[in-house]
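What follows is the residue order along each chain.
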Amino acid sequence: KVEEVGDISIPSKVITELIGNLPKGAINLASEKEQLKVGSEGFTSTILGMNSSDFPKILNSINENVSVGIPKKEFVKSLSQVVFATSLDDSRPILTGVLSIWSKDTLTLVATDGFRLSQKKINLKSSKKGDQKIVIPKNVLNELSRLGEEDENILFDFQEKEKQVVFGNNGVVLTSRLLEGDYPDFEKIIPKKSSISVRTDKEELLRAVKLASVFAKDAANIVKIKILKESVRVSAESGNSGSQEAKVDAKVEGEIGKEFEISFNYRFLEDFLHSVVGEEVKMEFSTTDKAGLFTDSTDSSYLHLIMPVKV
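Rules used in this analysis
Residues numbered from 1 in each chain as written. Predicted model: local features only at pLDDT ≥ 70, side-chain atom pairs only at ≥ 80, totals over all residues. Heavy atoms only, no water. Helix = DSSP H or I, 4+ residues; strand = E, 2+ residues; numbered from the N terminus. Rg over C-alpha atoms; globule rule 2.2 N^0.38 Å. Contact = heavy atoms within 4.5 Å. Areas by Shrake-Rupley, 256 points an atom, 1.4 Å probe, with all protein chains shown as cover. Pairing = 2+ DSSP bridges. Axes fitted to C-alpha atoms, helices over the stretch in contact; angles between N-to-C directions. Parallel < 35°, antiparallel > 145°, perpendicular 65-115°, else oblique. Left-handed = near helix turned anticlockwise from the far one by under 90°. Phe/Tyr/Trp six-rings, centres within 6.5 Å; stacked < 30°, edge-to-face > 60°. Buried < 20%, exposed > 50% of the residue type's maximum accessible area, 1.4 Å probe, protein only. Expected span 1.5 Å × (residues − 1). Arc of directions from axis to C-beta. Polar contact = N/O pair within 3.5 Å; in protein donor to acceptor, adjacent residues only side chain to side chain.

Undergrad: An account of the overall build of the protein is needed here, citing residue identities and associated values.
TA: Counting its regular elements, the protein contains five helices and 19 strands. Taking 2.2 N^0.38 as the reference for a compact globule, 311 residues should give roughly 19 Å; the C-alpha atoms of the protein span a radius of gyration of 25 Å, well beyond that estimate. Each principal axis of the C-alpha distribution contributes one length, and for the protein these read about 80 × 50 × 35 Å. Once local pairs closer than 6 in sequence are excluded, the contacts in the protein between residues at least 24 apart make up 63%. When the accessible area of the protein is evaluated, it comes to approximately 18,500 Å², of which 47% is carbon and sulfur surface.

Now the structure itself:
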């Protein structure tokens, strides 16, 4: 029940902790100058705030007529397959976000930190936005899982003039500024062909990588993958703690010669394998110094690249 309209900016942490500890019942809020008085039965508090005119201007609504609707469950699942590949290094801010490429009937999500790259494509009924490329901060995308129910659509729109992106769901609007800068031309590094193709069970490969990681942690996180005729061997060696080797059955196609051994950061392999939905993964290689192409055999819309480690 609003008796008098008004606005005030207050510290989010203070009001969240305060309200969270109050008992059930009605809460009275009243602003006076730059203070917010909070009261309930047997309780009163005053929170120091600031003039709302100092608060950044944001878009607080979404136009359903021009926005794009994406099923939340599918969108959140797709984000989980790319967000982990964003950079943690703020020296290149553009790489801390997810590149979103909109076309007539497809949304392509891309993330890279310079050592690995994830790409996921989502089919759309109609984008309504035409061809566009924008980079959205990953922290904002991580918040989308909290909006609404899984069977609802997340509405998406962006304002080029304001450089802002807007998400809407069930009365909640999430707004963020876009990241500005030139995103790397990632399409150039995606292999067009490979000389070796390997199919193997996801869980078995993940178990082998985890076992190798016990020793890889003391050896710059490096694990080695050796391709044999009907299997792959995953190994790691530490001068401090020992060594480990595990064999995983696989279907291998292509010319492997005497041996083909390539090294990767085990954390990158684990991150990819955790993102796979299907039971089988496919790995494709050309040479030991070029990126390996990793895919989910049940999802042709998803691919992942990992750069090898020079040993």
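And the narrative resumes.
Undergrad: Before we move on, could you go through the pairing of strand S1 (residues 28-32) and cite the residues and values that matter?
TA: Two strands pair when backbone bridges link them, and S1 and strand S2 (residues 35-40) are joined in this way by five bridges, in the antiparallel orientation. Counted as the bridge partner of Ala30 is Lys37 from S2. What sits between S1 and S2 in their antiparallel hairpin is a turn of two residues, with Lys33 showing a positive phi close to 55°.

Undergrad: Now, about the packing of helix H4 (residues 202-216) against helix H5 (residues 266-275): what can you tell me, with residues and values included?
TA: Contact geometry of H4 with H5 gives a least axis separation of 10 Å together with a crossing angle of 155°. Here H5 runs roughly antiparallel to H4, going by the angle between their axes. Considering only the axes of H4 and H5, their crossing is left-handed. Here Lys202, Leu205, Leu206, Val209, Lys210, Ser213 and Ala216 of H4 come into contact with H5, specifically with Tyr266, Leu269, Glu270, Leu273 and His274.

Undergrad: Give me the lowdown on the sheet that holds S1, citing residues and values where you can.
TA: Pairing between the strands of a sheet comes from backbone hydrogen bonds, and it takes one of two forms, parallel or antiparallel. Across the sheet, which stays open at both edges, the three strands sit in the order S1-S2-S3 with antiparallel pairing between neighbours. Only two strands of the sheet have a single partner each, and these edge strands are S1 and strand S3 (43-48). Within the sheet, the average angular offset between the axes of one strand and its neighbour, ignoring direction, is 20°. Sitting on the sheet, helix H1 (residues 12-20) is in contact with S2 and S3, with an inclination near 170° to S3.

Undergrad: Describe the packing of aromatic side chains, listing the residues and the values that go with them.
TA: Summed over the entire model, instances satisfying the criterion amount to ten aromatic pairs. Taking 6.4 Å as the distance between ring centres and 35° as the angle between the ring planes, the aromatic pair formed by Phe75 and Phe167 counts as tilted. In this pair, Phe75 is assigned in helix H2 (residues 72-80) and Phe167 in strand S10 (residues 164-169), connecting sequence segments 92 residues apart. Each member of the pair, Phe75 as well as Phe167, is classed as buried. Aromatic pair Phe264 and Phe294: ring centres 5.6 Å apart, planes at 75°, arrangement edge-to-face. In this pair, Phe264 sits in strand S16 (residues 260-265) while Phe294 sits in strand S18 (residues 292-296), placing the two residues 30 residues apart along the sequence.

Undergrad: Could you give an account of H4, with specific residues and numbers?
TA: Over its 15 residues, H4 extends 20 Å from the first C-alpha to the last, a length consistent with the 21 Å expected when each residue adds 1.5 Å. Listed in full, the buried residues belonging to H4 are Lys202, Leu205, Leu206, Ala208, Val209, Ala212, Ser213, Phe215 and Ala216. One side of H4 carries all its buried residues, which in axial view fall inside an arc of 165°. Residues of H4 that are buried in the fold lie against strand S12 (196-201), strand S13 (222-227), strand S14 (231-238), strand S15 (242-254), H5 and strand S17 (280-285). Capping the start of H4 is the job of one residue whose side-chain oxygen sits 3.1 Å from the backbone nitrogen of Glu203: Asp201.

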